[in-house]
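So you can see what is in the structure, the chains are spelled out below.
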Amino acid sequence: MSTRNELARANAAVETRTGEPPEDAVAPATLALIDTYLRDHPGGTERLIPVLHRVQEELGYLPFPVIKAIAERLGISPIQAYGVVSFYHFFTTTPRGRYQLKVCMGTACFVRNANSVLEAVRDTIGLEVGGVTEDRLFSLEQVRCLGACGLAPAMMVNSEVHGHLTRNGVRKLLLGLRAKARKPHTGGEGDNG
Amino acid sequence: MGEIAPASAPLDRKTLAELRLRLADTLRARAGEPATGAPRELLVCAGGACISCHSVAVADELERALAASSLAGRVRVVRVGCMGLCEAGPLVVVSPDGVYYQKVDREGARRIVAEHLIAGRVVSDLELAWDAPDGRRLTGHEVPFFAQQVKIALRNCGVIDPAAIEEYAARDGYLALERVLFELSPDEVIDALKSSGLRGRGGAGFPSGMKWQFVREAPGDEKFVVCNGDEGDPGAFMDRSLLEGDPHSIIEGMAIAGRVTGASRGFVYVRAEYPLAIERLDNALTAARRAGLLGEDILGSGFGFDIEIRIGAGAFVCGEETALLRSIEGKRGTPQPRPPFPAQHGLWDKPTLINNVETWASVAPILLRGPQWFAAIGTRRSKGTKVFALAGAIRNTGLVEVPMGISLRTIVEEIGGGIPSGRSFKAAQSGGPSGGCIPAAAADVAIDYESLQELGSIMGSGGLIILDDRTCMVELARFFLEFLVEESCGKCPPCRIGTRVMLNLLERITKGEAVPADLDTLEALGRHIQRTSLCGLGQTAPNAVLSTLRHFRAEYDAHVLEGRCPAGQCKALLTYTILAEPCSGCALCAKACPSGAITGEIKHLHVIDQELCIHCGACLSVCPTDAVEAV
Ligand SMILES: Cc1cc2nc3c(=O)[nH]c(=O)nc-3n(C[C@H](O)[C@H](O)[C@H](O)COP(=O)(O)O)c2cc1C
Ligand code: FES
């Protein structure tokens, strides 16, 4: 399998999933973010992972044209950069929800019935692992240990840990977040994640 | 902020010495050590777990209540790191009284101020207490959870405000670094580590002094020091608590190693799932730089050293040292065959010293109190203490630091407070996915690196998940294999393909589709993967299966020969029936059943058609009256 093919496939896969325009359409603000980061942190290709973190923190995900722009600036091939993105679970090439739910499936949570947390999420907002709700309010992932094992079963909502979860607790939490998101403005709100 | 002024100017040796004198008693009192003249303080646990139980709001409420009282300006509220007993959080301690309050909310905070501080009465319904078998009510530092511990790595966790470098310094912090810079030769430091018997706390237990010596002796003018804070084992959270609760102890250990090995740059690799640890460490690095304890010419010694943070990105294999170094270089974190070892060819091919967070935190106390003191604790081959993270089916979940050689029974029954809900202790899982299960029958074995290995498990990073009789050991083994299949980096075939095949076999067993020969295949395949994998991930991947096969063979046999799951966890092997007594006829089960196997009239007993039942357990989970029985 040639690199070119893999690249094309990766590219196509990303585009069809995200509906991103195919060409190097990277918003100027994103380019500025990348350039500023690289200027403030002089060095070599070891900056790839930190800069990916920085951009994903801002955009919520890593669209392929952005990965390509970063690769160019670091003087590596886009596929090399994509290889790094695809290796690490933390990086994602699809947009995530405004509330990123990370349900812990680590051992401590597993033996304290973490499955029921996943089920409660599915029953409440209809999400499966890896999915995003249509309004992009919620996305769901499973992670392996949040280091909050004393609170098992646990789930992270963005950077906040919620512990000792019950089916009902999960339900209330999610419905609360949804109500909160709908209250101040109506419509569009959930779409900027 | 009371008597502790934040240091904005560099700290010289004289200022450090003064700080230690001035604050020593205050901090000793907080740690429950003998002290005189310590001021009244309220310590609030601001560890990760307590924060998610809203301890920050409790601290704010305490401050508000104090400000509005006659004590305004006289009692400080200190936000300290993890106190260990996560189960009882948010925790508040009144120092120097040594009174612990548990599960404190805002109302509790107001009562502590009004009743304890002002009226001078302990709020007994909030007090953390333990009824001893002899009928005594134990409180404060006498509670077995605290009394049985020996804190070396965790010496400052729950005692100091991690954001106050002065408080760290006052606990003799940076004193070991001073000694290394001005009094001890590098060889003396290495000799001290060697005779202390300190072994790596990241899993493999390699003697730390030897590793330091290899790096010191490796040729090269550029060397690196790395802290492994990836903490990938699910169920382990000691490194997180250390980074959050006492970041300077890691910085000091690394700076000492920089001096000893001749490195001037260090990296701390922390996993992305720990945003609070990253933030606290980053603040501590800034404070240390500002104080002149990092950077050029530290304390006028001519030695320069600085540390950068690298954030992981969610790959278990990156905890393996060679993979971790590739990741710092910005590459895919695939392991490399060893040798060459990082000590000779590490980061960017330069000699690199890599140690675990807990190992780093143990360095300064060994140099200050002497290697003999450390070596006197523990067993013949495993010296000192080990931090364990207690989780799972145990009453007192949290972090404990105990002498090596302690028995599992003491940890579970005395420190851990036993198994909740009237269940029985079945086994403890140690070492994460690379480890195995220690059966209850071996609970009296003295725990150290060797004894755990003899039992088919490993020490690992210290995650200890307690299992009760409801956990199916086959399902647990399947869970770990699923984890490892996902986390195998794919570089070597034994690990990539072998773990997949093992997982398939385990799935067959938990579904009741296996034949007796499958168990032999599992075992043979496991041995083969152990021998032929490239890195530690693959070499230890079969442990979960092999150790459960060894200690819980009967449970595997029940699945394979009788189609039965004794723990009642493998859904496919369970028969679901609805009990007449509790069934209220609400029909929720019939609605939830995806195969239409449940029939019955509203307000009358419902019945499951065993022919149609697909064993999904949906009825069990929706039944509001616990009328569905699964056996
Ligand atoms: C698959 C795998 C995962 C590992 N994960 C960790 C980890 O999360 N944290 C850690 O400190 N060591 C981990 N190790 C051990 C490291 O490779 C290395 O031995 C350790 O960081 C050395 O430090 P120490 O001597 O202080 O223990 C892991 C090893 C393997 C094979
Ligand atoms: S296993 Fe879930 S937080 Fe550790």
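Owing to the predicted nature of the structure, the values given are computational and were not obtained by experimental measurement.

What counts, and at which threshold
- Residues numbered from 1 in each chain as written.
- Chains lettered and ligands numbered in written order.
- Predicted model: local features only at pLDDT ≥ 70, side-chain atom pairs only at ≥ 80, totals over all residues.
- Heavy atoms only, no water.
- Helix = DSSP H or I, 4+ residues; strand = E, 2+ residues; numbered from the N terminus.
- Buried < 20%, exposed > 50% of the residue type's maximum accessible area, 1.4 Å probe, protein only.
- Contact = heavy atoms within 4.5 Å.
- Areas by Shrake-Rupley, 256 points an atom, 1.4 Å probe, with all protein chains shown as cover.
- Pairing = 2+ DSSP bridges.
- Right-handed = clockwise from strand over helix to strand, strands pointing away.
- Phe/Tyr/Trp six-rings, centres within 6.5 Å; stacked < 30°, edge-to-face > 60°.
- Core = buried A, V, L, I, M, F, W, Y, C linked by side-chain atoms within 4.5 Å.
- Axes fitted to C-alpha atoms, helices over the stretch in contact; angles between N-to-C directions.
- Parallel < 35°, antiparallel > 145°, perpendicular 65-115°, else oblique.
- Left-handed = near helix turned anticlockwise from the far one by under 90°.
- Nonpolar A, V, L, I, M, F, W, Y, C, P; charged D, E, K, R; others polar.
- Domains from an automatic or database assignment.
- Patch = residues over 30% accessible without salt bridge, like charges linked within 9 Å, V, L, I, M, F, W, Y side chains within 5 Å.
- Salt bridge = Lys/Arg side-chain N within 4 Å of Asp/Glu carboxyl O.
- Buried area = accessible area lost by both parts, 1.4 Å probe.
- Polar contact = N/O pair within 3.5 Å; in protein donor to acceptor, adjacent residues only side chain to side chain.
- Near = heavy atom within 4 Å.
- Expected span 1.5 Å × (residues − 1).
- Bend = angle between axes of the 7 residues up to and from the residue.

1. What about the overall build of chain A?
Turning to step 1, where the next piece is worked out: When its secondary structure is counted, chain A shows eight helices and four strands.
Turning to step 2, where the next piece is worked out: If you list the helices and strands of chain A from N to C, you get α-α-α-α-α-β-α-α-β-β-β-α.
Turning to step 3, where the next piece is worked out: Going through the 193 residues of chain A one by one, you find that 51% of them count as buried.
Turning to step 4, where the next piece is worked out: In chain A, the share of contacts with a sequence separation of at least 24, taken over all contacts with a separation of at least 6, comes to 65%.
Turning to step 5, where the next piece is worked out: Accessible surface for chain A amounts to roughly 8900 Å². Of this, 49% is attributable to carbon and sulfur atoms.

2. Side note on the pairing of strand β9 (residues 306–311) of chain B
Residue and element names in this part refer to chain B.
Turning to step 1, where the next piece is worked out: In terms of strand pairing, strand β8 (residues 265–270) meets β9 through six bridges, oriented parallel. Across the sheet, residue Phe 267 finds its bridge partner in β9, namely Glu 308.
Turning to step 2, where the next piece is worked out: Note on the crossover from β8 through helix α12 (residues 275–290) to β9: the handedness is right-handed.

3. Let's talk about the packing of aromatic side chains
All names here are of chain B.
Turning to step 1, where the next piece is worked out: Throughout the structure, instances matching the rule amount to 18 aromatic pairs over all chains.
Turning to step 2, where the next piece is worked out: Considering the side-chain rings of Phe 206 and Phe 214, the 6.4 Å spacing of their centres and the 45 degrees angle between planes classify their relative orientation as tilted.
Turning to step 3, where the next piece is worked out: Under the relative-accessibility criterion, Phe 206 is labelled partly exposed at 35%.
Turning to step 4, where the next piece is worked out: Residue classification places Phe 214 among the partly exposed positions, given a relative accessible area of 35%.

4. With respect to unusual backbone geometry
Turning to step 1, where the next piece is worked out: For the bond from A:Ala152 to A:Pro153, the omega torsion is -5 degrees, close enough to zero to count as cis.
Turning to step 2, where the next piece is worked out: Of note, the bond from B:Ser95 into B:Pro96 is cis; its omega dihedral lies within 30 degrees of zero at 0 degrees.
Turning to step 3, where the next piece is worked out: Tracing the sequence through the fold places B:Pro96 in the loop between β3 (92–95) and β4 (99–101).
Turning to step 4, where the next piece is worked out: For B:Asp172, which is not a glycine, the phi torsion comes out positive at approximately 60 degrees.
Turning to step 5, where the next piece is worked out: Structurally, the position occupied by B:Asp172 is in the loop between α6 (165–170) and α7 (175–182).
Turning to step 6, where the next piece is worked out: Its relative accessible area of 36% is what places B:Asp172 among the partly exposed residues.
Turning to step 7, where the next piece is worked out: Even without a glycine there, the phi angle at B:Lys603 is positive, about 70 degrees.
Turning to step 8, where the next piece is worked out: By the secondary structure assignment, B:Lys603 is in the loop between β17 (598–599) and β18 (607–608).

5. Description of the nonpolar core
Turning to step 1, where the next piece is worked out: Core analysis: the biggest nonpolar cluster contains 125 residues, and A:Val121, B:Trp212, B:Ile256 and B:Trp360 have the highest contact counts within it.
Turning to step 2, where the next piece is worked out: When sequence neighbours within four positions are dropped, the list of residues in contact with B:Trp212 reads B:Val189, B:Ile190, B:Leu193, B:Gly253, B:Ile256, B:Ala257, B:Val260, B:Thr261, B:Leu353, B:Asn355, B:Trp360 and B:Val363.
Turning to step 3, where the next piece is worked out: Membership of the second largest hydrophobic core comes to 48 residues, among which are A:Leu74, A:Ile79, B:Phe224 and B:Tyr269.

6. Brief notes about the packing of helix α18 (residues 473–487) of chain B against helix α19 (residues 493–510) of chain B
Residue and element names in this part refer to chain B.
Turning to step 1, where the next piece is worked out: Between α18 and α19, whose axes approach to 9 Å, the crossing angle comes to 150 degrees. What the angle tells us is that α18 and α19 run roughly antiparallel. In the packing of α18 onto α19, the handedness of the crossing is left-handed. Facing α18, whose interface residues are Val 474, Glu 475, Ala 477, Arg 478, Leu 481, Glu 482 and Val 485, α19 presents Thr 499, Arg 500, Met 502, Leu 503, Leu 506, Glu 507, Ile 509 and Thr 510.
Turning to step 2, where the next piece is worked out: Of the residues that constitute the contact of α18 with α19, the class distribution is eight nonpolar, two polar and five charged.

7. Considering the environment of A:Ala27
All names here are of chain A.
Turning to step 1, where the next piece is worked out: Of note, Ala 27 is situated in the loop between α1 (3–18) and α2 (28–40).
Turning to step 2, where the next piece is worked out: Residue Ala 27 is classed as partly exposed on the basis of its relative accessible area, which comes to 39%.
Turning to step 3, where the next piece is worked out: Separated by 38 residues in sequence, Ala 27 and Pro 65 have C-alpha atoms that sit 9.9 Å apart.

8. Points about the domain arrangement of chain B
Turning to step 1, where the next piece is worked out: Domain boundaries assigned for chain B yield domain 1 (40–147), domain 2 (165–374), domain 3 (385–471), domain 4 (474–561) and domain 5 (574–630).
Turning to step 2, where the next piece is worked out: Relative to domain 5 of chain B, the C-alpha centre of domain 2 of chain B lies at a distance of 57 Å.

9. As for a nonpolar patch on the surface
Turning to step 1, where the next piece is worked out: Nonpolar side chains collect at one region of the surface, where B:Phe206, B:Met210 and B:Phe214 lie side by side and expose about 250 Å² of accessible area between them.
Turning to step 2, where the next piece is worked out: Tracing the backbone through its elements, the reader meets B:Met210 in helix α9 (residues 208–217).

10. Brief notes about the sheet that holds strand β14 (residues 436–439) of chain B
Residues and elements named next belong to chain B.
Turning to step 1, where the next piece is worked out: The sheet built from five strands is open, its strands ordered β12-β11-β15-β13-β14 with mixed pairing. Either end of the sheet is taken by a strand with one partner, and the two such strands are β12 (398–403) and β14. Strand-to-strand, the axes of this sheet are offset by a mean angle of 30 degrees, without reference to chain direction.
Turning to step 2, where the next piece is worked out: With four bridges joining them, strand β13 (residues 425–430) and β14 adopt antiparallel strand pairing. Counted as the bridge partner of Ala 428 is Ile 438 from β14.

11. Quick look at the interface of chain B and chain A
Turning to step 1, where the next piece is worked out: On the chain A side, the residues contacting the 51 residues of chain B number 36 residues.
Turning to step 2, where the next piece is worked out: A combined buried area of about 3500 Å² lies between chain B and chain A, and 61% of that area is made up of carbon and sulfur atoms.
Turning to step 3, where the next piece is worked out: On the chain B side of the contact with chain A, B:Ala313, B:Arg332 and B:Phe479 bury the most area, a combined 17% of that side's loss.
Turning to step 4, where the next piece is worked out: Across the contact surface, chain B and chain A share one salt bridge.
Turning to step 5, where the next piece is worked out: The salt bridge involving A:Arg144 is made with B:Glu486; its shortest N-O contact spans 3.4 Å.
Turning to step 6, where the next piece is worked out: The interface formed by chain B and chain A contains 17 residue pairs in polar contact (both at pLDDT 80 or more).
Turning to step 7, where the next piece is worked out: Elements represented by at least two residues in the side of chain B that touches chain A include exactly α2 (48–52), β9, α13 (321–328), β11 (385–392), β15 (463–468) and α18 of chain B.
Turning to step 8, where the next piece is worked out: No other element matches the eight residues that α18(B) contributes to the side of chain B that touches chain A.
Turning to step 9, where the next piece is worked out: Of the residues that constitute the side of chain B that touches chain A, the class distribution is 25 nonpolar, twelve polar and 14 charged.

12. Examining the site of ligand 1
Residues and elements named next belong to chain B.
Turning to step 1, where the next piece is worked out: Taken together, 18 residues are adjacent to ligand 1, and Gly 202, Lys 211, Asn 355, Asn 356 and Thr 359 come closest.
Turning to step 2, where the next piece is worked out: Asn 355 is positioned such that a nitrogen or oxygen atom in its side chain is 2.8 Å from an oxygen atom of ligand 1.
Turning to step 3, where the next piece is worked out: The separation between an oxygen atom of ligand 1 and a polar side-chain atom of Thr 359 is 2.8 Å.
Turning to step 4, where the next piece is worked out: In isolation ligand 1 exposes 620 Å². Once the protein is present, 91% of that is buried.
Turning to step 5, where the next piece is worked out: Contributions of two or more residues to the shell around ligand 1 are made by β10 (352–356) and α21 (536–540).
Turning to step 6, where the next piece is worked out: When residues in the shell around ligand 1 are grouped by element, the largest group, three residues, is from β10.

13. As for helix α1 (residues 13–30) of chain B
Residue and element names in this part refer to chain B.
Turning to step 1, where the next piece is worked out: With 18 residues, α1 extends 25 Å from end C-alpha to end C-alpha; this agrees with the ideal 26 Å at 1.5 Å per step.
Turning to step 2, where the next piece is worked out: Maximum bend of α1: about 50 degrees, positioned at Leu 23.
Turning to step 3, where the next piece is worked out: For α1, the secondary structure elements touched by its buried residues are β1 (41–45), β2 (76–80), β3, α6 and α7.
Turning to step 4, where the next piece is worked out: In the stretch just after α1, Gly 32 is the one whose phi turns positive, near 80 degrees.

14. Description of the packing of helix α3 (residues 55–67) of chain B against helix α4 (residues 106–118) of chain B
All names here are of chain B.
Turning to step 1, where the next piece is worked out: Two elements in contact, α3 and α4, have axes whose closest approach is 8 Å; the angle formed by their N-to-C orientations is 40 degrees. When the interaxial angle is binned, α3 and α4 end up oblique. Considering how the two elements wind past one another, α3 and α4 form a crossing that is right-handed. Of α4, the residues touching α3 (which contributes Ala 57, Val 58, Glu 61, Leu 62, Ala 65 and Leu 66) are Arg 106, Ala 109, Arg 110, Val 113 and Leu 117.

15. Things to note about the side chain of B:Ser533
Residues and elements named next belong to chain B.
Turning to step 1, where the next piece is worked out: Mapping Ser 533 onto the fold places it in the loop between α20 (517–532) and α21.
Turning to step 2, where the next piece is worked out: In this structure the side chain of Ser 533 is engaged in a polar contact, spanning 2.9 Å, whose partner is the backbone oxygen of Ile 529.
Turning to step 3, where the next piece is worked out: Ignoring any residue separated from it by four or fewer positions in sequence, one finds Ser 533 in contact with Cys 492, Pro 494, Cys 495, Gly 538 and Gln 539.

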